[in-house]
Structures are given as C-alpha cells and as structure tokens.
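So the chains spell out like this:
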Amino acid sequence: MTGTTRSSADLDIRRRKALFRSWHRGMREVDLILGSFADGEIGRLSDGEMTAYEALMAEPDADILKWVTGEAAVPTRHDNEVFAKILTYREAPLA
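**With respect to the environment of D47**
Part 1 of the reasoning: With respect to the element layout, D47 can be found in helix α3 (residues 47–57).
Part 2 of the reasoning: Under the relative-accessibility criterion, D47 is labelled exposed at 52%.
Part 3 of the reasoning: Residues D47 and R14 lie 33 residues apart in sequence; the distance between their C-alpha atoms is 9.7 Å.

**Comments concerning the confidence of the model for the protein chain**
Part 1 of the reasoning: Here the protein chain averages 90 in pLDDT, and 89% of its residues register 70 or above.
Part 2 of the reasoning: Between the elements of the protein chain, mean pLDDT differs from a low of 90, seen in helix α5 (residues 81–91), to a high of 98, seen in α3.

**Regarding the pattern of salt bridges**
Part 1 of the reasoning: Evaluation of the coordinates by the stated rule reveals ten salt bridges.
Part 2 of the reasoning: Note that R14 and D47 form a salt bridge whose closest N and O atoms lie 3.9 Å from each other. Note that R14 is positioned in helix α1 (residues 13–23) and D47 in helix α3, a separation of 33 residues in sequence.
Part 3 of the reasoning: Residue R44 pairs with E41 through a salt bridge whose shortest N-O separation is 3.1 Å.
Part 4 of the reasoning: You can call E41 buried: its relative accessible area is 17%.
Part 5 of the reasoning: Taken together, the shared-partner salt bridges in this structure form one network comprising D12, R14, R15, D47 and E54.

**Re the environment of E49**
Part 1 of the reasoning: If you trace the backbone, E49 turns up in helix α3.
Part 2 of the reasoning: Exposure remark for E49: the relative accessible area of 13% places this residue in the buried category.
Part 3 of the reasoning: On a C-alpha basis, the gap between E49 and F83 in space is 9.6 Å, while along the polypeptide they are 34 residues apart.
Part 4 of the reasoning: Within polar-contact distance, the side chain of E49 engages the backbone nitrogen of S46 at 2.8 Å.

**Here's the deal with the nonpolar core**
Part 1 of the reasoning: One finds L34, I42, Y53, L56, I64 and I86 to be the most contacted residues of the largest nonpolar core, which totals 22 residues.
Part 2 of the reasoning: The set of elements that each furnish at least two residues to this core consists of α1, α2 (28–41), α3, α4 (61–69) and α5.

**Digging into the packing of α2 against α5**
Part 1 of the reasoning: It is at 10 Å that the axes of α2 and α5 come closest, and there the two elements cross at 95°. Between α2 and α5, the angle falls in the class roughly perpendicular. Two secondary-structure elements touch here, α2 through I33, L34, S36, F37, G40 and E41 and α5 through K85, I86, Y89 and R90.
Part 2 of the reasoning: The residue makeup of the contact of α2 with α5, split by class, is five nonpolar, two polar and three charged.

Conventions adopted
- Residues numbered from 1 in each chain as written.
- Predicted model: local features only at pLDDT ≥ 70, side-chain atom pairs only at ≥ 80, totals over all residues.
- Heavy atoms only, no water.
- Helix = DSSP H or I, 4+ residues; strand = E, 2+ residues; numbered from the N terminus.
- Buried < 20%, exposed > 50% of the residue type's maximum accessible area, 1.4 Å probe, protein only.
- pLDDT = per-residue confidence, 0-100.
- Salt bridge = Lys/Arg side-chain N within 4 Å of Asp/Glu carboxyl O.
- Polar contact = N/O pair within 3.5 Å; in protein donor to acceptor, adjacent residues only side chain to side chain.
- Core = buried A, V, L, I, M, F, W, Y, C linked by side-chain atoms within 4.5 Å.
- Axes fitted to C-alpha atoms, helices over the stretch in contact; angles between N-to-C directions.
- Parallel < 35°, antiparallel > 145°, perpendicular 65-115°, else oblique.
- Contact = heavy atoms within 4.5 Å.
- Nonpolar A, V, L, I, M, F, W, Y, C, P; charged D, E, K, R; others polar.

In structure tokens form, the structure reads like this:
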C-alpha cells in the first residue's frame, strides 16, 4: 500500500486534512500505520476522538512508532480510546 485508498469526498474539511496528514508524515512506517487507520476509521471518529487523533498526529513520528511497537510506553496524554483503536486496527488481518 502506497497511499490512501479512501475518497475524501464525503468528509468535512477537518477530516480531509487529517486523512492527508495521516498519509504524509515523513516516516513511511508511520504513514502506513496512521494512513491505514485513517482510511478505515476517519469518517467514524467522533469530534472528541478527532481531537485526540489530531493531538497524536502532532507528535514526532519516531515517538509514535515506538509507542505503537511497544518499544516505549505510551504517555498518559495519548493512552486513550483512539490509540487503542489504532493498535487494534493495526493488528487486524487485512481483508
């Protein structure tokens, strides 16, 4: 997978920006983790979940990768339902 597989036509501007940013971060591994998650879930996230997701995306890629792989503990500010969804989504088999 090299980029989004989801159309942003049905998304509001906030979610369109988040979808784009999810796929264009700088570290390819994090692009794949967050981009794949955004493709599948961005349209279903509540406003509160979007706020948490945007806060996570403000973090450096290297930190996000360490948290996702378990190399470092997830800080309490990001240890929330959205991060749990990202981990669950990452572990799900591809359809």
